[in-house]
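Survey of secondary and tertiary structure
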Amino acid sequence: MIEVELLRQLGLILLAAAGALLLARLVRVPSIVAYLVAGVALGPATGLLPVSGPLDLIAHVGIALLLFLVGLELSLDKIRDLGKVAVVAGLGQVGFTAVGGFALAWALGFSPMEALFLGVALTFSSTVVVVKLLDQKRELDTLYGRISVGIFLVQDLVVIVFLTLLAGLGRHEQADPLVIASGVLLAFGGMAVLLVTALLASRHVLPRLFGWAASSSQTLFVWSLAWCFLFVVAAEKLQLSLEIGAFLAGISLAQLPYNHDLRRRVHPLMNFFIAVFFVTLGARMEMAAVLGHWPAAGVLALFVLIGNPFIFLWIIARMGYGERTAFLTSVTVAQISEFSFIFAGMGLASGLIDEAVLAVVTAVGFATIAASAFMILYNHSLYTWVKRMGLLRPFRARQETPEEAVRTVGGPSGHVIVVGMNALGRRLVEALCSRGVPVVAVDTDPAKLAGLPCPGLMGDTEYAGVLEEAGLAKARLLISALKIEDANNLLAYRSHRAGVPAAIHLFDASVRGDLQELGVEFPMSSKGSGLKRVLGALEKEGVLRPWSESPSS
């Protein structure tokens, strides 16, 4: 009957999440807030969802997978050019919040050990929450979004050190300092082994292994999960937390050149576990314990919501970034992390803290995640209001235009997207590049993208995110060299919606009518027209004329 009970609980979670999302869209509430409210409704309010037994197990595995997906977001190349501000701001905030949180918790009447746990738990911001919200706003690749992700990478590496330390402290129940020290050393030794293995594998093993698997979406998906659980098992053997293993596995895969495609394939899984995690978090709320400590939880929540952004604002402004960029970045850190709940849970399991401290951490997490979700979604309006009130003057940051603060870093514009690197696709790319036309090539096989004279993007255009990453909204033209009718129809539909003209390969005369109904401006037949005549027709229609006539190109 365990299986039936687990299905019932998962069914309740998904039904509540779906209903909460529907209401959230109507009243414009962030999805994460809706999940938390759904959890409270299922747990403390009605008692329909007792979080125990099999659901505890799936929640534990879900947290591991969630941290694996967090690791997948943390590509070192993505934030290498922002490494200085990420390290300085990340470590500066960790020190400020840990010391300030400890002092504040101690002043509120907690014991030194409890205050230490609370100070550390308040230190880290939620990569999951921020990445999801910035992705929803299409601002993940803006300057402030990249700074935020870099800061989270630094924070996440620091929290791994804390989790390793806690794992070492929990190895032995004896209070003998030598025994405790040996446990801590063994834990850090095990973490070092996993970290070195992950980095070496990402450089020497995974590129070839996953490069071979990349042409098959099913193989890539299954292999990535297998790699995650391989590290989970290794972490368990080394007596570390499984979250450490999953996170390091994700980081190793994030360094691969096709990590974008891998993230797209596991994104639905991430959405599922985000829903399960936050609904379960809301259901775990011990209302009696929270109500018994609500003044302390309220004070600590305000410290996170106000103190963290202020210290970030000051640090980032001192490093030469503009006022708007500094403010938008600082708003992203106004919450505690999923790591905070893991850290507090490990402390409870080790007997170092009691249920009251865990309840305070949960309440602070609930309040800060909910409030910061609104702050991030409406950050530009919030900036305008704060600036009008004169609250930013003491930070003396330089002024900048809104466009400068939210400019997208990198990213193509005014280019041609060519989908399908078969013989026709490669000849089109080479001919366009020889004329000075900026091109982005797209294919599912990384081997077919090798050796092209233009940037290549690995991915299946079935996923809308692939075309977004290729810059469809800012493209001059989309060309499909594919011989797959359904894929071509979908490309035609998406390019038409984006207002971008499309040239679709007319490999079969019978599909001409369907393509014209979908708004395809240039059905092209390589057999009947030939490559030169295809390009000539595009130039005649004015699509390629600016490049072919401009000597500066």
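Residues numbered from 1 in each chain as written. Predicted model: local features only at pLDDT ≥ 70, side-chain atom pairs only at ≥ 80, totals over all residues. Heavy atoms only, no water.

1. A short note on the overall build of the protein chain
Counting secondary structure elements, the protein chain contains 27 helices and six strands. Once local pairs closer than 6 in sequence are excluded, the contacts in the protein chain between residues at least 24 apart make up 74%. (Helix = DSSP H or I, 4+ residues; strand = E, 2+ residues; numbered from the N terminus. Contact = heavy atoms within 4.5 Å.)

2. What about the pairing of strand β2 (residues 439-443)?
When you tally the buried positions in β2, you get five out of five residues, the bulk of the element. Along β2, one buried face is formed by Val-439, Ala-441 and Asp-443 and the opposite face, lined by Val-440 and Val-442, is buried too. Pairing of strand β1 (residues 416-419) with β2, which is carried by four bridges, proceeds in the parallel orientation. Residue Ile-417 lies in a different strand from β2, and its bridge partner there is Val-440. Taking the sense of rotation as the criterion, the β-α-β connection linking β1, helix α20 (residues 423-434) and β2 turns out right-handed. (Buried < 20%, exposed > 50% of the residue type's maximum accessible area, 1.4 Å probe, protein only. Pairing = 2+ DSSP bridges. Right-handed = clockwise from strand over helix to strand, strands pointing away.)

3. Some points on the packing of aromatic side chains
Per the stated rule, a full pass over the model turns up five aromatic pairs. Here Phe-102 and Trp-106 contribute two aromatic rings whose centre-to-centre distance is 5.5 Å and whose plane-to-plane angle is 50°, an arrangement assigned as tilted. Of this pair, Phe-102 and Trp-106 are both found in helix α5 (residues 83-107), four residues apart, which corresponds to roughly one turn of the helix. A relative accessible area of 24% places Phe-102 in the partly exposed class. Overall, Trp-106 belongs to the partly exposed group, its relative accessible area being 48%. Aromatic pair Phe-310 and Phe-395: ring centres 5.4 Å apart, planes at 80°, arrangement edge-to-face. Highlighted residues: Phe-310 in helix α14 (residues 294-318) and Phe-395 in the loop between α18 (379-388) and α19 (402-405), separated in sequence by 85 residues. Classification of Phe-310 as partly exposed rests on a relative accessible area of 46%. (Phe/Tyr/Trp six-rings, centres within 6.5 Å; stacked < 30°, edge-to-face > 60°.)

4. Points about the sheet that holds strand β5 (residues 502-505)
One open sheet holds the six strands; their spatial order is β3-β2-β1-β4-β5-β6, and the pairing between them is parallel. Two strands lie at the open edges of the sheet, namely β3 (456-458) and β6 (522-524), each paired on one side alone. Each strand of the sheet is rotated relative to its neighbour by a mean of 15°, with strand direction disregarded. Relative to β6, β5 runs parallel, the two being bridged by three bridges. Across the sheet, His-505 pairs through a bridge with Met-524, a residue of β6. Helix α23 (residues 485-498) rests against β1, β4 (477-480) and β5 of the sheet, and its axis sits at about 175° to β4. (Axes fitted to C-alpha atoms, helices over the stretch in contact; angles between N-to-C directions.)

5. Things to note about the pattern of salt bridges
According to the stated counting rule, one finds one salt bridge in the structure shown. Between Lys-387 and Glu-323 there is a salt bridge whose closest N-O contact spans 2.9 Å. Here Glu-323 lies in helix α15 (residues 323-331) and Lys-387 lies in helix α18, a separation of 64 residues in the sequence. Residue Lys-387 is classed as partly exposed on the basis of its relative accessible area of 36%. By relative accessible area, which is 6% here, Glu-323 ends up buried. (Salt bridge = Lys/Arg side-chain N within 4 Å of Asp/Glu carboxyl O.)

6. Details of the environment of Leu-240
Tracing the backbone through its elements, the reader meets Leu-240 in the loop between α10 (217-237) and α11 (242-254). Along the backbone, Leu-240 and Gly-190 are 50 residues apart, and their C-alpha atoms lie at a distance of 7.5 Å.

7. Section: α20
In an α-helix there are 3.6 residues to a turn, and that puts residues three or four apart on one side. With 12 residues, α20 extends 17 Å between its outermost C-alpha atoms, agreeing within 8% with the 16 Å of an ideal straight helix rising 1.5 Å per residue. When we look at burial in α20, the residues that qualify are Leu-424, Gly-425, Leu-428, Val-429, Ala-431, Leu-432 and Cys-433. Measuring from the backbone nitrogen of Leu-424 back to the side-chain oxygen at the start of α20 gives 3.3 Å, which picks out Asn-422 as the cap. Positive backbone phi, approximately 85°, marks Gly-436, located one or two places after α20. (Expected span 1.5 Å × (residues − 1). Polar contact = N/O pair within 3.5 Å; in protein donor to acceptor, adjacent residues only side chain to side chain.)

8. Some points on a negative patch on the surface
There is a patch of like negative charges on the surface, built from Glu-485, Asp-486, Asp-508, Asp-514 and Glu-517. Those elements giving two or more residues to the negative patch turn out to be α23 and α24 (512-517). When you line up the elements, Glu-485 lands in helix α23. (Patch = residues over 30% accessible without salt bridge, like charges linked within 9 Å, V, L, I, M, F, W, Y side chains within 5 Å. Areas by Shrake-Rupley, 256 points an atom, 1.4 Å probe, with all protein chains shown as cover. Lys, Arg positive; Asp, Glu negative; His and termini not counted. Charge placed at Lys NZ, Arg CZ, Asp CG, Glu CD.)

9. Points about the nonpolar core
Within the largest apolar cluster, 158 residues are counted, with the highest numbers of intra-cluster contacts made by Phe-68, Leu-253, Phe-278, Val-364, Val-429 and Ile-479. Discounting residues that sit within four places of it in the chain, Leu-253 has contacts with Phe-68, Leu-72, Leu-206, Phe-210, Ser-224, Trp-227, Asn-259 and Leu-262. (Core = buried A, V, L, I, M, F, W, Y, C linked by side-chain atoms within 4.5 Å.)

10. Things to note about the environment of His-260
Looking at the element boundaries, His-260 is found in helix α12 (residues 259-283). The sequence separation of His-260 and Val-466 amounts to 206 residues, and the corresponding C-alpha distance is 8.6 Å.

11. Let's talk about helix α6 (residues 112-121)
Burial runs high along α6: seven of the 10 residues are buried. Buried residues of α6: Glu-114, Ala-115, Phe-117, Leu-118, Gly-119, Val-120 and Ala-121, and no others.

12. Comments concerning the packing of α14 against helix α17 (residues 355-377)
At their nearest, the axes of α14 and α17 sit 9 Å apart, and the two run at 40° to each other. Classified by the interaxial angle, the pair formed by α14 and α17 is oblique. Helix-helix and strand crossings are classified by hand; for α14 and α17 the assignment is right-handed. On α17, the residues that touch Ala-297, Leu-300, Ala-301, Val-304 and Leu-305 of α14 are Val-360, Ala-363, Val-364, Ala-367, Thr-368, Ala-371, Ser-372 and Met-375. Here the contact of α14 with α17 is built from residues that sort into 11 nonpolar, two polar and no charged. (Parallel < 35°, antiparallel > 145°, perpendicular 65-115°, else oblique. Left-handed = near helix turned anticlockwise from the far one by under 90°. Nonpolar A, V, L, I, M, F, W, Y, C, P; charged D, E, K, R; others polar.)

13. Observations regarding the pairing of β1
With burial as the criterion, each face of β1 is covered, one bearing Val-416 and Val-418 and the other bearing Ile-417 and Val-419. By the bridge criterion, four bridges tie β1 to β4 in an arrangement that is parallel. Bridged to Val-418 within β4 is Ile-479.

14. Brief notes about the confidence of the model for the protein chain
Mean pLDDT for the protein chain: 79, with 84% of residues reaching 70 or above. Per-residue pLDDT, averaged within each element of the protein chain, yields its smallest value for helix α27 (residues 545-549) (43) and its largest for β1 (92). Across residues 546-553 the pLDDT falls below 50, and counting only partners more than four positions away or on other chains, this stretch makes 12 contacts in the model. (pLDDT = per-residue confidence, 0-100.)

15. A look at the packing of helix α2 (residues 31-45) against α12
At a minimum axis separation of 6 Å, α2 and α12 run at an interaxial angle of 45°. The pairing of α2 with α12 is recorded here as oblique in orientation. Crossing hand, α2 versus α12: right-handed. Of the residues in α12, those touching α2 at Ile-32, Tyr-35, Leu-36, Ala-38, Gly-39, Val-40, Leu-42, Gly-43 and Pro-44 are Ile-274, Ala-275, Phe-278, Val-279, Leu-281, Gly-282 and Ala-283.

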